[in-house]
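For reference, the chains in residue letters:
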Amino acid sequence: MATHHIFDTSMAHHPDIVALRDRYDRAAGTPRAQLAEGLMVLAGGYAAISPWIIGFSGSTTPLAINDLIVGVAIMVMTIACAGSGGRMYGMAWVTPVMGLWLIVANWVMHGINPSVGTTISNIVVGACVLVLGAAVMGATMRPERT
């Protein structure tokens, strides 16, 4: 015989949480958000394999490892947000930060001397991730039309 509690103390069923999840679900379902997410997965994939495409030199091995890790993280984070049904959209702010890191890593990481091609590659893919991540965030923050 099951016992039922009169009061549910979890926040999962709180009206504000349910409304926020519904809003994120609607935002994730828009063509604009889906396009931005798809492009962001591609940008993350490019960031991950760019050391082998651009031909990073031996002195930039730490940057190549960084790009691989950050690129895979961008892809995983984007796919998690897209496939979570609104539960992960609160974490969407992380991807623009990762894009910003791709841009500044060329100068912040110690002991590397990146080539012009490496620097341009990281700046372009970082800017793409930054803009696309901001677009995904903006989709969830935009006031809904009635």
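Located above this text is the structure these notes cover.
Description of the structure in this document.

Rules and cut-offs
- Residues numbered from 1 in each chain as written.
- Predicted model: local features only at pLDDT ≥ 70, side-chain atom pairs only at ≥ 80, totals over all residues.
- Heavy atoms only, no water.
- Helix = DSSP H or I, 4+ residues; strand = E, 2+ residues; numbered from the N terminus.
- Buried < 20%, exposed > 50% of the residue type's maximum accessible area, 1.4 Å probe, protein only.
- Contact = heavy atoms within 4.5 Å.
- Areas by Shrake-Rupley, 256 points an atom, 1.4 Å probe, with all protein chains shown as cover.
- Axes fitted to C-alpha atoms, helices over the stretch in contact; angles between N-to-C directions.
- Parallel < 35°, antiparallel > 145°, perpendicular 65-115°, else oblique.
- Left-handed = near helix turned anticlockwise from the far one by under 90°.
- Nonpolar A, V, L, I, M, F, W, Y, C, P; charged D, E, K, R; others polar.
- Patch = residues over 30% accessible without salt bridge, like charges linked within 9 Å, V, L, I, M, F, W, Y side chains within 5 Å.
- Salt bridge = Lys/Arg side-chain N within 4 Å of Asp/Glu carboxyl O.
- Expected span 1.5 Å × (residues − 1).
- Core = buried A, V, L, I, M, F, W, Y, C linked by side-chain atoms within 4.5 Å.

In this section: the overall build of the chain. A count of helices and strands for the chain gives five helices and zero strands. Classification of the 146 residues of the chain by burial places 36% in the buried group. Contacts in the chain between residues far apart in sequence, at least 24 positions, make up 69% of those at least 6 positions apart. For the chain, the exposed surface amounts to about 8900 Å²; the carbon and sulfur share of it is 70%.

It is worth spelling out the packing of helix α3 (residues 61-83) against helix α4 (residues 94-108) at this point. It is at 10 Å that the axes of α3 and α4 come closest, and there the two elements cross at 165°. Taken together, the axes of α3 and α4 are roughly antiparallel relative to one another. Considering only the axes of α3 and α4, their crossing is left-handed. Where α3 approaches α4, its residues Leu 63, Asn 66, Asp 67, Val 70, Ala 73, Ile 74, Met 77 and Thr 78 are matched on the opposing element by Val 94, Thr 95, Met 98, Trp 101, Leu 102, Ala 105 and Asn 106. Looking at the contact of α3 with α4, its residues break down into ten nonpolar, four polar and one charged.

Attention now goes to a nonpolar patch on the surface. A cluster of nonpolar side chains, Ile 49, Trp 52, Ile 53, Ile 54, Ile 65, Leu 68, Ile 69, Val 72 and Val 76, forms an exposed patch at the surface whose accessible area comes to about 860 Å². Going through the elements one at a time, α2 (31-55) and α3 are the ones with two or more residues in the nonpolar patch. With respect to the helices and strands, Ile 54 occurs in helix α2.

As a further point, take α3. Between its terminal C-alpha atoms α3 stretches 33 Å, which fits the 33 Å expected from 23 residues at 1.5 Å a residue. By the burial criterion, the buried members of α3 are Leu 63, Ala 64, Asn 66, Asp 67, Val 70, Gly 71, Ile 74, Met 77, Thr 78 and Cys 81.

What follows deals with the nonpolar core. Soluble, globular proteins show a tendency: their nonpolar side chains are buried together. Counting 15 residues, the largest nonpolar core has Met 40, Ile 74, Met 98 and Leu 102 as the members making the most contacts within it. Leaving out residues up to four positions away in the same chain, Met 98 has contacts with Val 70, Ala 73, Ile 74 and Met 77. If you look at the next biggest cluster of nonpolar residues, it comprises five residues, including Leu 63, Ala 64, Ala 105 and Ile 112.

Take the side chain of Asp 67 next. Structurally, Asp 67 is set in helix α3. For Asp 67, the contacting residues outside a window of four places in its chain are Ala 47, Ala 48, Ser 50, Pro 51, Phe 56, Leu 102 and Asn 122.

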